[in-house]
Structure formats: C-alpha cells, structure tokens
Amino acid sequence: MAPPNEVMINSVPNGICTNPMKQSFQLSEGKLSVNGVTLHSDVPSNVSLGKFFLASEVSDVPLHLLQLVQSRSNNGGFLGFTQDKPSDRLINSLGKFHGRSFVSVFRFKAWWSTMWVGDSGSGLQNETRWVLLNVPEQGSYVLILPLIEGSFRSALNPGSDGDVLICAESGSSKVKASSFTLIAYVHVSENPFDLMREAFAAVRVLTFRLLEEKKPLPSLLDKFGWCTWDAFYLTVDPIGSINRDEDDPVEDAKNLVLGGDQMTARLHRKPATEQFDSAIDRLKEELGRMIESGKESSSIMGERSGSSEFTGLKSFVTDLRTKFKGLGDIYVWHALCGAWGGVRPGATHLDSRVVPVSVSPGLEGTMEDLAVVRIVEGGIGLVHPSQADDFYESMHSYLAESGITGVKVDVINTLEYVCEEYGVRAELAKAYYQGLTKSLTKNFEGSGIIASMQQCTDFFFLGTKQVPMARVGKNYSTEQNPNGDPMGLYWLQGLHMIHCAFNSLWMGQTIQPDWDMFQSDHACAKFHAASRAICGGPVYLSDSLGRHDFDLVRKLAFPDGTIPRCLHFALPTRHGLFSNPLFDGRTLFKIWNLNKFGGVVGAFNCQGAGWNEQTRTFRGHSQCYKPVSGSIHIRDIEWDQKEETAEMGASEEYAVYLNQAEELLLLSKKWDSIDITLQPSSFEILITFLPIKILGRPGIKFAPIGLTNMFNGGGAFREVEYDEAAGVRMKTKGCGKFLAYSSARPKTGRLNGIEVGFEWSGDGKLTMDVPWNEDDGGICGIDLAF
C-alpha cells in the first residue's frame, strides 16, 4: 500500500504555520479512520491521505481566516489516488462503509442539487457534491468534499456493497491524467455547522471567496421584490434580442415556446431604439388595460416614453423610477453564454461559433431535462473564451448605462457541455468567470448579480470570487402532481424548502442563499412565505398583475418595502440532519436562524414527495401526506454561529412565542421543549426565542418578543437597552402589535417619548399598538419603566 503523503509546508504570509498537533485522520491497513474510529474499510492501496497544508497562494486570504484554518489544520486532510493508465475520466474507490448515517447533496439535474440520506456507501446518488458522516462514537461529524485538482473536477458516486466511488474528469479527451493528491478534502468537527465553515475556509484558495469576505452585500437583500418570470414567462420581453438560426438575422424570434424554442434561440444584437420605443408604448397600453384601475392607461408605467429625454431601455427604466419612487434595484436576466443557445455567429463583433454539445456520463444518470435535450439539438453559440471579458462588458455596460443595477445570470452549468474543443471544463470555466467578475466590478459595483442554474462545484470553486448571491433551490413550482396523486398543487412545495435549506449548508459558505420567488395567491403561499420570512435572504414575489395577497405581504415587509431580515441564512436543525423530512412519514422539518436579539425556529410538515432512485424523477408519496408530530427545543438554535448572538445561548430561561398558535410561553433551556403536531403542508412559525432578562431588585423577568403581526416579528428590533434599576429602552421598525413578556406590570410606557397606554395580563403578556413612524424611517422608540 502506498504510504500517506508527507506534510507539505510552503511559505505562508504573516507567519502562519501548519498545526503541529496530532492528525485526526489516518489511512492504514485499508482503513480510513478519524481519531481511531473507522470510517471506510477496504480502501484500495492506490488511495493516499495527505496532511493539510497552507500554500503560498493564500496571500489574499484575511488573517483571521488564515488563523482559523491553521488552528484546525490537524482536523483535515486530502485524499488522492493513482492509476496506471491516464484518462480524461477516472473512477476510483475510496473504500466502503455500512451502517453509518450520512446526509449528502447530489445533482439531480444539470442545474440543480438536493439532499439525500442513507447509511451505506451504496446509498449515495450519482454526482454527489459532498457527504456528511455521523460519528456518534465520538460525538463528531466528518465531511468528504470532492474538489477540483488542476484541470479535473470530481464528484462522488455509489458503488456496490457499500463502496464509495470518486470520479475525476477533465471534460476533454485531449486532457488526461493518472494521479491526484488533492482530489477530495476530509474534515472533522464536533459541530456540523462549524465543520462546513472550517472545511470551505480550508479550500478557499481554489479561487473563490467566503460569504463573510463579500461586503457589502447587494442592497436588494433588505428590500421586498418582484420577479417577472411566473408573472409573464416569455411574454415579458417585447423584443427579446434573440432568434433562431433559421430566422432573419436582424429580426427577433416570434412565438417562442416555453421549454422549447427558447432553449435553441441565440442572442443576436442589442435592441434597436425604434423597435424598443414602439414595443414599450404597446406594453404600457397592455398593462394599463390589465390593471383596469380606473386611472388613465399610462399611469402604471408613468408617461409615454416620448416625454422622456432618453430613448430605449434607458427611457423605460427612467419611467419606472419616475412612477415608483421607492423602487431600488432593477436586475435583467441573461444566460451565462448570452441566451440559452449562446450568441448567434456573425451577428455581433464577437467570435462566436456553434459548438456541438456533449453531455458527460455523470449527467446521463441524472433526471431527464427538456432544456438539456433542446440544447443538445441546437448546440451552443459559444463566444471564444479569449473574448469573455469583451462579451460581458458589451452586455453589461449597455445595461448599466440604461440604469440597470444588476443581472440574474442563468443557465450557468452549460459550459461543461462544450469542453472538448474549447479546453477542459475547469479552464473554460475560469475564463468565463474571470470575464464575468471583471464586468461585475466595473458595471455593477462588484455585487449586482444573482447566479442561478449553477449548482455544480465548478461554479462554487471557480466562479464565486465576486458573486455574492445565488439560488439554492430549484424553481418554485406551480404545477400539479402529474401522477394523479391527491396532493395536487401541494406535492412539490415542501420539496422546494428541503432543496433550499440543505443546499444552504454548503452554498451558504460562499454566497448568500436565495430561496427563490413565490406567488402570494398560490394555495401554498403562506407555507412559502413563512420559510422566506426567516431564510435570511431576499424575499420576492412573482405574482401576475392584480393577483396579490397584500395581507400576506404585510407579514413579510415593512411599509417602506424593507424586510426584517435575519442575521444568518436558515439551516436545518442539527438533530434533523440525518432524517428524511420528505417521505419517511414521521420527521418534522425544522430550520433555525438568528435575529439581533433572539433566535427563531420554523417547523414545517414537508412530507409527501421526494427523489426516486429507480425512475430518476421526483415522485409523490401520498401515504406520507399526513399529520406529523415533533418537538422543538431551545437547543435547536445554533446561537454561536454569530458572534453577536453567542451570549444569548447561555441563558437558562427563555420567553417563547408561537406565531401561528399565538401562545407565549416560558421555557427552561435544560428541560423544556414544545410538542406540536402539524397538518400536511402547514407550519408553526416561527417560534421566537428570547433570553429572559432580570430587572430590578424584585427580580422582574422581561423579554421583548417583537411585532406579532409579522412572521419574523423578532427581526423588528434595532436596539434593546436595559437599565436594571429602572426599565428597558427599545427601538423597533415597523407597525402593528408589539408584544413582550413581563412578569410585572410596568409603571409607565412611552412611545417616542410620549406616554401611551398598554395592556398587561397576569400571564406576562404585555402589548402595545405601534404606528408607522414616517418621519424616522419607520423606527419607533418604546420605553418601559418599572
């Protein structure tokens, strides 16, 4: 058997050295173990384990991250393997495991990933992004993270009889290798959330940056938004700037079909000003008729474009901002390669050529996708990678000049289809992502982007140097169950939530998770709204015009359009990581997050649909679509994941408010829990936990809850200051019903310095009506004296 790799120590800035402590991982006699506990047996002799090292390329890493990585370096290591024959696609066993619980994320479509659980290496799915192993023997967790080494990217696959296989591929038959030393990374920690952060910090030098390094984040994160996709689909774009190869080179495509011709159309020009003005005028008239608000037809979009000093897209954007004074960011959609089918050859100054598409063997084992089928039919009009800078600059400079503040870049994973002629997939990806990064920095303040259809490690390891936000779930679904199950519209709604929460475990290390849009008039709208309220990311709708549930919107957003956003991104609770919340018929799905002055847990019944290994599709499980019971505990909140909230986790007693049941409780950290039963596709939000504070000599117990008319009412607090002898001073944003727990009745209550009435009951409920304070941006001061 080949001996483990030796420690490699290169020059490191700021005097950081590798950790001299004993290494946690060992590979000996065919066993991969962690601190003496066997993880994999029957490990082939051609597999190597190398100690973690810090390379000289880390000069741009902040010092505190280097220190974190160095202090945990003994908890990580690199796996490699060597084969006799070079190839562009190599598969090798990493050993076997049985009877050990795992949670993983795998790519079920070209663009999208989701979670999977099991207890054997054979239970993994193809194209697994990472696998987290439970090691209860020592109260720890181990992550196996496939990496990119040189020109090869890797993924985990299932083998027979418990085997874990790693697949390394270049994407081009012209680029072959036979030996790897850093093809996967392993890391151990007692905390699964620390584990993810430590592991991604360790491999950060692969050219991405961590989310915490990307400041400031896009301003749209804190504002309520709207997307045109489910509202209009393809009819949103009156002139499109795309056509098919058989169309007139200077004319736009007509009658594009959703999921059909759209995928073979190519970008062919900027819109002509005359055409754009005509189309905008027509669109204004159509929108005016749709609204039928009794006002003049042009009122929804402002005055006609002829009244503006600008023309084209700039005129349209100016009209929008004139009519809607509170409008902030406006993003425009485009595919990574321009359009779904790329850029039409000869139609622009760019060197574009239609490249035949080749789907990798790994993707052939994923879910069938009409988009991939159509792209294979039409090929991709790929701009030569040497012109990637010019390509993005040409599009983005025009958009920025027109007043557009960002882009949603979609269909990102298409690059892996065209690697044969344009270089290996890793190098092609680098060229395009570097061009995108330069353009973002120049045209959109470096952060004006949402990435989508990107859930492959190629993107996260190579393309997120500048990208601050990306989608963590497949598209929000409005479709009926195609198999005739009684769940109907509800069947995929819980699945969407699972996609988002589990993908956030790894994607959230590099980008701000975006949980996608939803429609406020959908049968499951409240279910979605509850999860978005505490997801920690953007909240936006895709309602058709005139079809809005404003009562629901008011539970999500303040009157000025801002939202009470959590400090962290929502994640599954620790004790639910290795369960199946989709079709085991018993698991309640819980997510946690943090506010400035408290924590929050959302409990959801997501049972009813999930991945089917045999059919490689999502199938309904109507037998699981039933009430589910579970418990919620203060320990479900990971208080230490934010420095500013860590102290709150040390309290012995908490005030807890159940938003849907409208119950206020006191719970002991050590003993108490909340037992609930949820009906299918229902939830209990947003159980807000606030540490109890002791005030004054009589020992008055107090905890501020927030605005009960909002889903994340605890996110309304801006300041909370205690005077243990006199009372408490608070500043909240928003309006509605303020709630606090107080074991005694306050002597006085003041709102913005003026004494006001309040209600207090013997069970500790203290309520007060809070108006919207327009003069101070919605901020109200609340003072209570005891």
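Residues numbered from 1 in each chain as written. Predicted model: local features only at pLDDT ≥ 70, side-chain atom pairs only at ≥ 80, totals over all residues. Heavy atoms only, no water.

Let's shift gears to helix α1 (residues 63–71). Owing to its 3.6 residues per turn, the α-helix aligns residues three or four sequence positions apart on the same side. Residues of α1 that are buried include every one of L65, L66, L68 and V69, and no others. The buried residues of α1 occupy one face: seen down the axis, they fall within an arc of 160°. Elements that come into contact with the buried residues of α1 comprise α2 (192–202). (Buried < 20%, exposed > 50% of the residue type's maximum accessible area, 1.4 Å probe, protein only. Helix = DSSP H or I, 4+ residues; strand = E, 2+ residues; numbered from the N terminus. Arc of directions from axis to C-beta. Contact = heavy atoms within 4.5 Å.)

Further remarks concern the sheet that holds strand β1 (residues 25–28). Spatially, β1-β2-β3 is the arrangement adopted by the 3 strands of the open sheet, whose pairing is antiparallel. This sheet does not close on itself; its edge strands, each paired only once, are β1 and β3 (37–40). Sheet twist, expressed as the mean angle between neighbouring strand axes with direction ignored, is 35°. Direction of pairing for strand β2 (residues 31–34) relative to β3: antiparallel, over a ladder of 3 bridges. By the bridge assignment, L32 is partnered in β3 with H40. (Pairing = 2+ DSSP bridges. Axes fitted to C-alpha atoms, helices over the stretch in contact; angles between N-to-C directions.)

A word on unusual backbone geometry. Omega for the bond connecting K215 with P216 falls within 30 degrees of zero, at -5°, which places this linkage in the cis form. Mapped onto the elements of the fold, P216 is located in the loop between α2 and β15 (224–226). Even without being a glycine, E29 presents a positive backbone phi close to 50°. Position of E29 relative to the elements: it lies in the loop between β1 and β2. The exposure class of E29 is exposed, given its relative accessible area of 73%. With a phi angle near 80°, D516 is a residue other than glycine that sits in the positive phi range.

For helix α5 (residues 312–323), which comprises 12 residues, the first-to-last C-alpha distance of 17 Å matches the rise-based estimate of 16 Å (1.5 Å per residue) to within 8%. Among all positions of α5, only G312, L313, S315, F316, V317, D319 and L320 are buried. (Expected span 1.5 Å × (residues − 1).)

With that settled, consider the confidence of the model for the chain. A low pLDDT score tells you not to read the predicted coordinates there in detail. Here the chain shows a mean pLDDT of 89. Residues at 70 or above account for 89%. Throughout residues 1–17 the model reports pLDDT below 50, and contacts reaching past four residues in sequence, or to other chains, amount to 34 contacts. Across residues 294–307 the pLDDT falls below 50, and counting only partners more than four positions away or on other chains, this stretch makes 28 contacts in the model. (pLDDT = per-residue confidence, 0-100.)

With that settled, consider the packing of α1 against α2. Look at α1 against α2: their axes get within 9 Å of each other, and the N-to-C directions meet at 110°. Taken together, α1 and α2 sit at an angle that is classed as roughly perpendicular. Facing α1, whose interface residues are H64, L65, L68 and V69, α2 presents R197, E198, A201 and A202. Partitioning the contact of α1 with α2 into residue classes produces 5 nonpolar, 1 polar and 2 charged. (Parallel < 35°, antiparallel > 145°, perpendicular 65-115°, else oblique. Nonpolar A, V, L, I, M, F, W, Y, C, P; charged D, E, K, R; others polar.)

Pairing within the open sheet is antiparallel, and its 6 strands lie in the order β26-β27-β28-β35-β32-β33. Two strands bound the open sheet, and with one partner strand each, they are β26 (571–572) and β33 (663–668). Pairing geometry for β26 and strand β27 (residues 589–595), over 2 bridges, is antiparallel. Paired with P572 across the two strands is I591, which belongs to β27. Each of β28 (598–604) and β35 (683–691) is contacted by helix α13 (residues 525–533), which is oriented at about 25° to β35, the strand it contacts most.

Our next topic: the packing of aromatic side chains. All told, the structure shown has 34 aromatic pairs when counted by the stated rule. Between F52 and Y185, the ring centres sit 5.8 Å apart and the planes meet at 65°, which makes this aromatic pair edge-to-face. Of this pair, F52 sits in the loop between β4 (47–51) and α1 while Y185 sits in strand β14 (residues 177–189), and the two are 133 residues apart along the sequence. A single burial state applies to F52 and to Y185, both of which are buried. (Phe/Tyr/Trp six-rings, centres within 6.5 Å; stacked < 30°, edge-to-face > 60°.)

Along the chain, R471 turns up in strand β23 (residues 469–471). Judged by relative accessible area, which is 1%, R471 ranks as buried. Of note is the side chain of R471, whose polar atom sits 3.5 Å from the backbone oxygen of K474. The contacts of R471, once residues within four sequence positions are left out, are W112, K408, A451, S452, Q454, Q455, M507, D514, D516 and Y540. (Polar contact = N/O pair within 3.5 Å; in protein donor to acceptor, adjacent residues only side chain to side chain.)

The interhelical angle for the contact between helix α12 (residues 493–507) and α13, taken along N-to-C directions, is 15°, at an axis separation of 10 Å. Between α12 and α13, the angle is such that the two are roughly parallel. α13 is crossed by α12, and the crossing has right-handed handedness. Facing α12, whose interface residues are Q493, G494, H496 and M497, α13 presents F527, H528, S531 and R532. Among the residues forming the contact of α12 with α13, the class breakdown is 2 nonpolar, 5 polar and 1 charged. (Left-handed = near helix turned anticlockwise from the far one by under 90°.)

We now examine the nonpolar core. W111, W130, Y417 and F689 are the most contacted members of the largest nonpolar core, which totals 203 residues. Looking at this core, the element that brings in the most residues is α12, giving 9 residues. Apart from the residues lying within four places of it in its own chain, the contact partners of Y417 are A110, W111, P356, V357, S358, V359, L363, V372, I375 and I380. One finds F738, L751, F758 and L784 within the second-largest nonpolar core, a separate group that totals 22 residues. (Core = buried A, V, L, I, M, F, W, Y, C linked by side-chain atoms within 4.5 Å.)

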